[in-house]
Amino acid sequence: MPIEPISTESNQKELAHLNNVQVMGILNVTPDSFSDGGRFSTFDAALKQVELMIEDGVDIVDIGGESTRPGAIEVSEKDEIARVIPLLKIIKSRFDIPVSIDTSKAGVMSEAILHGADMINDVRALQNEGCLDVVAQSHISVCLMHMQGMPRTMQASPHYKDIIDDILSFFQHRIESCETKGIKRECLIVDPGFGFGKTLQHNYQMLADFAQFKKLNLPLLAGISRKSMLGDLLNRDVKQRLSGSLTAAIVAVQQGASIVRVHDVAESVDALKVLKAVAQYKS
Ligand code: 9MG
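Predicted model only: the values in this text are computed from it and were never measured.

Asks: Help me understand the state of the cysteines in this model?
Replies: Put plainly, two cysteines are in a disulfide when a covalent bond ties their sulfur atoms together. For the coordinates displayed, the defined rule picks out 0 disulfides. Cys131 forms no disulfide, and the closest cysteine sulfur to it belongs to Cys178, at a distance of 10 Å. Among the cysteines around Cys143, which has no disulfide bond, Cys178 carries the closest sulfur, lying 11 Å off.

Structure below.
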């Protein structure tokens, strides 16, 4: 006799969360990104990758025109616009998929909003000049990420009094700044920024205590896919971090992440399906 799924108050709550989880697919159109450097830097290759991600079940595509890996070289606003905006325009004209633009530059944000971006993903949490104003003039969703230091030097000597408390306090200030400028709370998403000015221990402490960020009462994004915190622990090259990436994404989702930023869309979608099936049978 088949065993029926169970309906309890707690598994219904968990299922509601899991049904809400979105897979954000990474599309780096940079020559020097850390895990797929240069692979999608031609227009056709980028569009093919979007098509593939859609087939694999992606919920939102995150396009980045400047690498944020440690030591990355900065790109001018003009070059970033030239890399990202034509691609955004063609994706919006050909596909019915939400697009996020990964940028910290007000000029890029402004062009992205003008051309139909659905989200701004800012690793500098709108701290650069003009960003708060640009976003405040629209009703776009924005992911505020925490980073200690700047990409070129952030891994030199990260330090915190208490990593969770320090990041919570950073977000409280950033949320206040957003709201003061007129950005609505319902537009905000927060992300503690795995690998951005954090040691290996900091990253794993953040993952272990990820649920603490729920205190902010905002959707949480986790970006761990293929990062050094996996490579350093597992002694694996960037292309061999799939198992680690999936495990970390699932741990984050189980603790409340509602968006996971990933390279491997099909595998992440499968992992989430398994998690949902388990939740249906929890008593
Ligand atoms: C652009 N980018 C690289 N890593 C990231 C992460 O972990 N989170 C977010 N929001 N963006 C990221």
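Asks: Hey, could you run me through the site of the ligand in this one?
Replies: By nearness alone, every residue bordering the ligand is listed as Thr68, Asp102, Asn121, Val123, Cys143, Met145, Asp191, Phe196, Leu221, Gly223, Lys227 and Arg261. The separation between a nitrogen atom of the ligand and a polar side-chain atom of Asp191 is 2.5 Å. Between the ligand and Gly223 there is a distance of 3.1 Å, counted from an oxygen atom to a backbone nitrogen or oxygen. Burial of the ligand by the surrounding chains reaches 96%, relative to a free accessible area of 300 Å². Looking at the shell around the ligand residue by residue, the class counts come to 5 nonpolar, 3 polar and 4 charged.

Asks: What is the right way to look at the packing of aromatic side chains in this model?
Replies: Centre-to-centre distance and the angle between the planes together describe a pair of aromatic rings. For the coordinates displayed, the defined rule picks out 3 aromatic pairs. Their ring planes at 15° and their centres at 6.1 Å tell us that Phe194 and Phe210 sit as a pair that is stacked. Taken together, the residues Phe194 in the loop between β6 (188–191) and α7 (200–208) and Phe210 in the loop between α7 and β7 (220–222) connect sequence positions 16 residues apart. Comparing Phe194 with Phe210 shows no difference in burial state: the two are buried. Grouping aromatic residues by their ring pairs yields a cluster made of Phe194, Phe210 and Phe213.

Asks: Would you mind going over helix α9 (residues 242–254) with me for this structure?
Replies: Each full turn of the α-helix corresponds to 3.6 residues, which orients residues three or four apart in the same direction. Spanning 13 residues, α9 covers 18 Å between terminal C-alpha atoms, matching the ideal 18 Å at 1.5 Å per step. Every buried residue of α9 is listed here: Gly244, Ser245, Leu246, Ala248, Ala249, Ile250, Ala252 and Val253. Elements that come into contact with the buried residues of α9 comprise α1 (9–20), α7, β7, α8 (228–234), β8 (257–262) and α10 (265–280). In the segment just after α9, Gly256 is the residue with positive phi, at about 115°.

Calculation notes
- Residues numbered from 1 in each chain as written.
- Predicted model: local features only at pLDDT ≥ 70, side-chain atom pairs only at ≥ 80, totals over all residues.
- Heavy atoms only, no water.
- Disulfide = S-S within 2.5 Å.
- Near = heavy atom within 4 Å.
- Polar contact = N/O pair within 3.5 Å; in protein donor to acceptor, adjacent residues only side chain to side chain.
- Areas by Shrake-Rupley, 256 points an atom, 1.4 Å probe, with all protein chains shown as cover.
- Nonpolar A, V, L, I, M, F, W, Y, C, P; charged D, E, K, R; others polar.
- Phe/Tyr/Trp six-rings, centres within 6.5 Å; stacked < 30°, edge-to-face > 60°.
- Helix = DSSP H or I, 4+ residues; strand = E, 2+ residues; numbered from the N terminus.
- Buried < 20%, exposed > 50% of the residue type's maximum accessible area, 1.4 Å probe, protein only.
- Expected span 1.5 Å × (residues − 1).
- Contact = heavy atoms within 4.5 Å.

Functional significance is not addressed by these values, which are geometric in nature.
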